[in-house]
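Observations on the model geometry
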Amino acid sequence: MAFRKWQKTALQNGSHIHTAIGLVKINAIEIVDESTITKSDAIKAGFADKKQLLNSLSQHNTGKIFKISISYYAEDPRVKLRERTTLTDEQFSALKQKMERLDNYSKKGYWTKKVLFSIKENPHLHAIGIAKLTGFEKEWLKLNIRKLKNLGLTISHDVGYELSPFGKLVVKKLQIEA
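The following refers to the structure shown.

Rules used in this analysis
Residues numbered from 1 in each chain as written. Predicted model: local features only at pLDDT ≥ 70, side-chain atom pairs only at ≥ 80, totals over all residues. Heavy atoms only, no water. Helix = DSSP H or I, 4+ residues; strand = E, 2+ residues; numbered from the N terminus. Buried < 20%, exposed > 50% of the residue type's maximum accessible area, 1.4 Å probe, protein only. Areas by Shrake-Rupley, 256 points an atom, 1.4 Å probe, with all protein chains shown as cover. Lys, Arg positive; Asp, Glu negative; His and termini not counted. Charge placed at Lys NZ, Arg CZ, Asp CG, Glu CD. Pairing = 2+ DSSP bridges.

**Regarding the overall build of the chain**
A tally of regular secondary structure across the chain gives 8 helices and 6 strands. The principal-axis extents of the C-alpha atoms in the chain amount to approximately 60 × 35 × 30 Å. Counting the 178 residues in the chain, one finds 33% classified as buried. Carbon and sulfur atoms provide 51% of the accessible area of the chain, an area that totals close to 11,100 Å². The chain carries 31 positive and 18 negative side-chain charges, and their two centres are separated by 2 Å.

What follows is the structure, given as structure tokens:
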């Protein structure tokens, strides 16, 4: 179970969300009043009690409280993707096209290689540090590194990022081409 305070939700029943533990399934979403939240709900959401849960929600002053029923669905497919150690020329070409698409649709221009090379040269560097190196704004950068993670190229840590084994392979091929 989870609780969030939002103006509106983009989640839908039955959808899957990437989390640190893998894919979770959204079983149900409902708007609730804080008076209907029970101690049992709070404990299921990972809090010691209802007061602790409500305190965490109070950090978000506006919005409705959403009660979200979730369940573990599967291992994160990005883990298997990032552990790949082989790449055919055809797969490399398809991946470069995906990266070019990210670059072409970005208001920031060509960023994918710049960010990948920065992460390669500075493993475990936090987002602020990579932002300073690349000239990109931190929140924009974090969102876009997630896109590289979805391609299996990066690994996110509590602090910082590194190239995945697959990402290292791709960057090596990109450098050979340059």
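**A look at the pairing of strand β4 (residues 64-74)**
Of the strand pairs in this sheet, strand β1 (residues 2-6) and β4 are connected by 5 bridges, and their pairing is antiparallel. Note that in β4 the partner of F3 across the bridge is K67.

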